[in-house]
Amino acid sequence: MLDSRPEYPPPDLLHQLRHRFGFESFRHGQREVMEAVLARRDVLAVMPTGQGKSLCFQLPATLTSGLTVVISPLIALMKDQVDALRTRGITASAYHSGQSQQERDRVLQDMRLGKLRLLYLAPERMQHDWFIRQVRLVGPSLLVVDEAHCISHWGHDFRPDYLRLGELRRQLDSPPCLALTATATARVQQDIHDKLEFRKPLTVITGFRRPNLRFAVEICSGKTEKLRILESLLKETPTGSKIVYCSTRRHVEELAQSLGKRHSGVGYYHAGLADDLRVSIHERFVNDDIRILVATNAFGMGIDKPDVRLVVHHDVPGSLEAYYQEAGRAGRDGGHAQCVLLFQQSDVATQEFFIQKLGEGVSPSGTAVSERQDASRELLRRMVSYAYSQTCRQLTFLNYFGDVEETTLGPCGHCDLCSSPPVVTEADHELLHQARTVLATVERFQGRFGATRVTDVLYGSTGKAVLDLRLHTAESFGRLRAIGRTGIARLIRRLASSGHIVFDGLEFPVVTLSAKGMAVLKGTDPLVWEQADGNGGEDKLPKATEKPSRSAPLHDGHPDRDLFDRLRALRARMASEEGVAPFMVFHDKTLRNIANRRPSSISSLEEVPGIGPAKLERYGRQVLQVVNEEEGRAS
Ligand code: ADP
Ligand code: ZN
């Protein structure tokens, strides 16, 4: 049976928070976690870095009689926490290999005498049976596992040492356990529950929204384009520090050299530099001597610089959790900051290379390497789909981390997709016919071929590959010859960016049909997709630097802000009634045009750019009602 009695009469947590820690109020989730910990429940808390996870056990540790054992992977971080606790008059110590024998004896003695509230240990300590027996004798009242995602090979930072923590817990007579992490997908959460042998745990996931960050993705065609965008982002960001992440040391050095020619205060950082050099670079960054730092992911742990205004990922990282953590180093002070991913499909190969390398060298204990590779590929696949996503970036993260409460509060309103959603239209008869031919072909091939083969078939190519595979016998062979190979390729890209077909696989992606594509093929849904450029050019997303931001002044004259807001409210209502994204009802620009022109009749509404006959019929009346209501109000 679960013992849910608190050790004391319910303690006044708020009083302790103010009195002992000097904080005015709890942050989101903290109180819930603390109450469960004090009720001796097993708890998994998933909260982003900087949210205040440590307090979730530090404060309860001051309210219970027993010892709180904290497993933490980094000695430097342990030391910081111990020092901070001591300044608050809370007795805490760390025990690790970096200490002298004398220091360690002292810690053990304090522990045996019951003087310690908290004891910090590295996971390697589990290997020392004698030591574990000493801790057991004290009978710890709480086991805390920090960075708990390290226990799962589905996480992005698996550490074999962590696998022994379940056993440690048993050796300590199974005290209640609090697992903490900043990143855990549903799968990782399950692993944490299983491996730490949780009993009826409480899972608290909170605080993932970062309202002051503006996320954006730029789909790039090569290095030159990346550099151009990076330069304009740097220009747009005159104040604060900037971090540019690259995936390899070589990229870091090359890029730093290139930026150094045009900017002052450029530095670089990666794990290949000597220790003292890394320390000095870190210091120069903190002291604003280096304003633009180019780095690999080795730069990050424990960095808490408040005024990072821009984090650019020059290369795609291996997972969304790595991305969110690195990008999340921006705007710690709560001020506005930008996080931009420069995405090039071919960069994915570098990450795939890292995944293949997992197969070399030592095998992590008890876990098949190939399983780890599969897990890493899945993480990478999610990262890539973020780049091509069509929904609010912030919502993607909230969904990914399972922060339900924040997800229900809706889109962020200022990421690239919120501030400039793709303009969508319904395909006309001719295009619909062509698109369905593509979808039918993709469906028939059942994910066996990539875009090139599909194009070959639709064009009616009689190249060797086509003949060898006997694709010239396919039903749709040559059906779209009239629009040329470029036309077919463009159709495929459009269908991919609207999510009707998906690219699957990293190195040699094949095309498959999504459920959305199937619905169009069956004729149950209309084909609604991103509007192509007027000039019939590439269906590429416009550059961030060209995009209007939501805070930018309204275009096209001076439309009435109030009317614009009312129209947006109407749009939100209609979108939620139909279960579609607001931009699928009307693009912001269309609403601005309406607010600007104030059409009073169906025929004048019809003349507003962006309103086709279908929309006019579906939404026209309600739009006019809002405009007229507004007119009545103004007069
Ligand atoms: P995490 O472990 O989640 O990265 P920390 O525990 O290191 O975060 O806390 C980040 C900062 O927030 C610390 O400086 C901590 O003192 C502070 N903090 C934690 N909880 C509160 C609170 N309720 N009110 C104000 N500051 C807090
Ligand atoms: Zn958004």
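The following paragraphs examine the structure supplied in this document. (Residues numbered from 1 in each chain as written. Chains lettered and ligands numbered in written order. Predicted model: local features only at pLDDT ≥ 70, side-chain atom pairs only at ≥ 80, totals over all residues. Heavy atoms only, no water.)

The next subject is the coordination of the zinc ion (ligand 2). Donor atoms from the polypeptide that coordinate the zinc ion (ligand 2) comprise Cys392 (SG), Cys412 (SG), Cys415 (SG) and Cys418 (SG), at 2.3 to 2.4 Å from the metal. Considering all four donor atoms around the zinc ion (ligand 2), the spread of angles at the metal, 104 to 119 degrees, places the coordination shape in the tetrahedral class. Written as a sequence motif, the donor residues of the zinc ion (ligand 2) are C-x19-C-x2-C-x2-C. Taken as a pair, cysteine 392 in the loop between α14 (369–388) and α15 (393–401) and cysteine 415 in the loop between α16 (404–407) and α17 (416–419) lie far apart in primary sequence, 23 residues in all. Note on accessibility: cysteine 392 and cysteine 415 belong to one class, buried. (Donors = N, O, S within 2.8 Å, 3.2 Å for Na, K, Ca; no water. Tetrahedral: all angles 85-135°; square planar, octahedral: opposite > 155°, others 65-115°. Helix = DSSP H or I, 4+ residues; strand = E, 2+ residues; numbered from the N terminus. Buried < 20%, exposed > 50% of the residue type's maximum accessible area, 1.4 Å probe, protein only.)

Below, the discussion takes up unusual backbone geometry. Residue serine 174 is not a glycine yet carries a positive backbone phi of 50 degrees. For serine 174, the position within the fold is in the loop between α7 (165–171) and β6 (177–181).

Attention now moves to the pairing of strand β2 (residues 68–71). Burial along β2 is two-sided: the face carrying Thr68 and Val70 and the face carrying Val69 and Ile71 are both buried. Sheet topology note: the β2/strand β4 (residues 118–121) ladder contains four bridges and is parallel. Bridge pairing links threonine 68 to leucine 118 in β4. (Pairing = 2+ DSSP bridges.)

Quick look at the sheet that holds strand β11 (residues 292–295) now. With parallel pairing, six strands are arranged side by side in an open sheet as β8-β13-β12-β9-β11-β10. Both outer strands of the open sheet, β8 (213–219) and β10 (266–269), are each paired with one neighbouring strand and no more. Here the average twist between neighbouring strands, direction ignored, is 15 degrees. Here β10 runs beside β11; their pairing, made up of four bridges, is parallel. Counted as the bridge partner of tyrosine 268 is valine 294 from β11. (Axes fitted to C-alpha atoms, helices over the stretch in contact; angles between N-to-C directions.)

By the element assignment, arginine 117 lies in the loop between α5 (101–112) and β4. Residue arginine 117 is classed as buried on the basis of its relative accessible area, which comes to 19%. Polar side-chain contacts of arginine 117 include one of 2.7 Å to the backbone oxygen of serine 65. Dropping the residues within four chain positions of it, arginine 117 is found in contact with Ala61, Thr64, Ser65, Gly66, Leu67, Thr68, Ile90 and Thr91. (Polar contact = N/O pair within 3.5 Å; in protein donor to acceptor, adjacent residues only side chain to side chain. Contact = heavy atoms within 4.5 Å.)

Below, the discussion takes up the sheet that holds strand β5 (residues 142–145). Spatially, β3-β4-β2-β5-β6-β1-β7 is the arrangement adopted by the seven strands of the open sheet, whose pairing is parallel. Both outer strands of the open sheet, β3 (92–95) and β7 (202–205), are each paired with one neighbouring strand and no more. Between one strand axis and the next, the sheet turns by 15 degrees as a mean value, whatever way the strands run. Along the sheet, α5 contacts β3 and β4; its crossing angle with β3, the most-contacted strand, is approximately 130 degrees.

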